[in-house]
Structures are given as C-alpha cells and as structure tokens.
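Residue strings, one per chain:
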Amino acid sequence: MAAAGWSAWQPLRLTQDVPAATLAEQLDGGQAFRWRQDEAGVWAGIFGATVAAVRVGPAGLEGRVRGSWVAGFAALRAYLDAEGVQAGLADALPWRSDTVLAGAMQCYPGLRILRQPPRDALIGFLCSSNKRILQIREMVARLATELGEGLGEGQHALPEWAALAAASDATLQRCALGYRAAFLRGTAERLCARPRWEAEFAALSTPALLTELRALPGVGPKVAACVALFGFGRWESFPVDTWVVQALGGAYGLVGWPPDRLEAFGRIHFGAAAGLAQQFLFSAARAGQLAVAPPAMLPVRPRSRGRGRR
DNA sequence: GTCCAGGATTCAG
DNA sequence: CTGAATCATGGA
C-alpha cells in the first residue's frame, strides 16, 4: 500500500469556471454518488481509483489528489471537463428559442456532465431504481467499504465485478440494496466474464451501446441512458426519470406522454447535447426552479405509432 | 401506519 | 402489444 498523502492544492484551470452552487449540484446532484462536503466547504470524493478533493478558491476551482500526483491530477481535470469540451455543446443547445431551457440553464450556470468511469456509473445507477439520491449514496458507500479495493486511509474504490460476483448474500445485505442486489450480482457475473467490456462498449454506436447495456440484468431504458451519458460521454443520450417526466409535462405541456416518447422528444428537440439539456432540466426541476409554461396548448396524448415497416 | 423513491421485471389481458 | 403488480429497504 502506497500510503501517499494529499498533494498540495493546485488550480484546476478550467476553461470556464464554475460557481459554488453549480459545483455542488454537479458533484452531489445525482450524477455521481461519492462526493461529500465538509464544514470548510471542501468537496471530497472518489472516482475510479482516484481520491480527490475540490474547493472554490479566490482564483477559481482548486483541487488536490492522493497518491500519484501527475496521474491523479490529470484524471481530476478530465473528470471535470477542465478543457471545456461541453462549453460548445451547451451553447449549441436551443436555449435562444426555448425559454424553459434558458431558465433552467441560468439556474446552475456552467453545469456540466461529469466524465465518470463506466463501472462507477453502472454501479451507481444499478442502485438507483426506485430510490432517492441520499439512499443511493448510502448503498454505494457501503458497496465500496464492503467490497471495494482499498485506496488508503479507509477509502475504497467501487468493487470490481469479480468481487461483486463473489460477494455473499450477507455482505450484499449489509449494503441495503434490497432487490437490487440480484441486479448487481447478475450484471457483475456477466461483465467479469468479459474483461474487455469497457473498450468493447465504448466502440459501439450510441444506439448499439444502449441495446448492449439494456441486455444486462437490472438495466432498463433509463439506467442505460444514464450510463451512456455519465459513463461513456454520450451527450445525446436523454435519460427520462420521474423528474424529467415532471419537467417535460409541466413546462413543455407533454402531460401523459410515456417515457419512450419523451425520450424521443428530448433527443429531437435538444439535439446532439440532449443529455446536457436533460441535466439542466433535471437540476432545475429538483430545485423547484423550473418555469412552467402557460397551458396554452393542451397536450395531446400521442398515439402509439405503428410498426416501422408495413 | 402509510406513502414514496434518477425503475426494472414479470405477469395478465 | 399495453398496463398493472411486484420487487426490498429506509426515510418522511
């Protein structure tokens, strides 16, 4: 065990800096589940095998990491999209013509999708079904403690698939997963038999990636979309959860639309960065800050379309 | 005690 | 094919 300490605080030098409230929403708003803020306002978290801390300094965001400084710092900057890949995507969203989206984007300016390791995202969202963010965080924390590789100082990575597949019922029960324990173990068994899964999945087109993810136990449309977005950087992926249903229903008048149709609406209306738009809407809705459109045009519940071919 | 949660799966009709 | 019941757990 390399019991390396913390590196010194360093400016993260984001091309576009992030207000404190946006940083909090980004780290602890339901994208990742492994960040906590201490009394001094410092965020501490783990992604992959990187133990990191982030704070808002006088001259912008600062970070420090534990262990290898060079690798850890580069990983942290990539995780936070320090190079600003998403800035152009955000600007290309249709906020100029969509006042609801524009309002949501003003709610958390500069909000970005975290670039999470695929396994982190998959484990997190396998735990997410029918659970609140606070409880997902607790499940994920226990999974790391019980089954994750030690990273020093009592910190743990999320478990490898092999560790998860081999875990006893009693161990999984201690993680308070409920019926999701079978999902995690089932997916772990599939993927530990497929060591190159990350590279193989990353090489797929987004529709093929979603199909492949949905073939895993416990992965339905919404979880697949989250893993594609947060774990594989597929910005066009548009997860439809209860909050997005509320947001699109209330602010866009799409009341009663089934999730798969809302997903199609999001993809078409928001375009190549639909997932980023989704995150703005999700966060604004959760904050109770989403503008509600006037009920001028009452929604028409769409009829299911016929088969693609006749 | 009741209700609900960043849903998925299974089962009826 | 669509819609409803069921799933395990904890917090409000």
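In the block above lies the structure referred to throughout.
Residues numbered from 1 in each chain as written. Chains lettered and ligands numbered in written order. Predicted model: local features only at pLDDT ≥ 70, side-chain atom pairs only at ≥ 80, totals over all residues. Heavy atoms only, no water.

1. Things to note about the overall build of chain A
Stage number 1. Looking only at helices and strands, one finds 15 helices and seven strands in chain A.
Stage number 2. For chain A, whose C-alpha radius of gyration is 20 Å, the value lies close to the compact-globule estimate of 19 Å for 310 residues.
Stage number 3. Based on the C-alpha atoms only, the size of chain A along its principal axes is roughly 60 × 50 × 35 Å.
Stage number 4. Counting only residues that meet the buried cut, chain A has 49% of its 310 residues in that class.
Stage number 5. Once local pairs closer than 6 in sequence are excluded, the contacts in chain A between residues at least 24 apart make up 68%.
Stage number 6. Summed over all atoms, the accessible surface of chain A reaches about 14,900 Å², with 55% contributed by carbon and sulfur.
Stage number 7. Across chain A, 33 positive and 25 negative side-chain charges occur, with their mean positions spaced 7 Å apart. (Helix = DSSP H or I, 4+ residues; strand = E, 2+ residues; numbered from the N terminus. Rg over C-alpha atoms; globule rule 2.2 N^0.38 Å. Buried < 20%, exposed > 50% of the residue type's maximum accessible area, 1.4 Å probe, protein only. Contact = heavy atoms within 4.5 Å. Areas by Shrake-Rupley, 256 points an atom, 1.4 Å probe, with all protein chains shown as cover. Lys, Arg positive; Asp, Glu negative; His and termini not counted. Charge placed at Lys NZ, Arg CZ, Asp CG, Glu CD.)

2. Examining the pairing of strand β5 (residues 60-65)
Stage number 1. Most of β5 sits out of view: five of its six residues are buried.
Stage number 2. Relative to β5, strand β1 (residues 10-11) runs antiparallel, the two being bridged by two bridges. Opposite P11, over in β5, you have E62 as the bridge partner.
Stage number 3. By the bridge criterion, six bridges tie strand β4 (residues 50-57) to β5 in an arrangement that is antiparallel. Pairing of G57 across the sheet is with G60, part of β5.
Stage number 4. As consecutive antiparallel partners, β4 and β5 are separated by two residues. (Pairing = 2+ DSSP bridges.)

3. Quick word on the pattern of salt bridges
Oppositely charged side chains can form a pair if their charged atoms are brought close together.
Stage number 1. Within this structure, the stated rule accounts for eleven salt bridges.
Stage number 2. Salt-bridge contacts for R142 lead to E138; the nearest nitrogen and oxygen are separated by 3.0 Å. Residue R142 and its partner E138 are both found in helix α6 (residues 133-147); the two are separated by four residues, about one turn of the helix.
Stage number 3. With relative accessibility at 34%, the residue E138 sits in the partly exposed group.
Stage number 4. Between R194 and E200 there is a salt bridge whose closest N-O contact spans 2.6 Å.
Stage number 5. On the basis of relative accessibility, which here comes to 30%, the residue R194 falls in the partly exposed class. (Salt bridge = Lys/Arg side-chain N within 4 Å of Asp/Glu carboxyl O.)

4. Notes on helix α1 (residues 20-28)
Stage number 1. All of the buried residues in α1 are T22, L23, E25, Q26 and L27.
Stage number 2. Looking one or two places after α1, you find G30, whose phi comes out positive at around 105 degrees.

5. Notes on the protein's contact with DNA strand B
Stage number 1. In the vicinity of DNA strand B there are 28 residues, among which G30, K131, R132, Y179 and Q278 approach most closely.
Stage number 2. Restricting the count to atoms of DNA strand B within 4 Å of the protein gives a sugar and phosphate share of 60%.
Stage number 3. One of the side-chain nitrogen or oxygen atoms of N130 is found 3.2 Å away from a base nitrogen of DNA strand B.
Stage number 4. Between a phosphate oxygen of DNA strand B and a main-chain N or O atom of G218, the distance comes to 2.8 Å.
Stage number 5. Put simply, the parts of the chain that give the surface near DNA strand B at least two residues each are α12 (221-232), α13 (242-252) and α15 (274-286).
Stage number 6. When residues of the surface near DNA strand B are assigned to their parent elements, the largest contribution, four residues, is made by α12.
Stage number 7. For the surface near DNA strand B, the per-class residue count stands at 14 nonpolar, ten polar and four charged. (Near = heavy atom within 4 Å. Polar contact = N/O pair within 3.5 Å; in protein donor to acceptor, adjacent residues only side chain to side chain. Nonpolar A, V, L, I, M, F, W, Y, C, P; charged D, E, K, R; others polar.)

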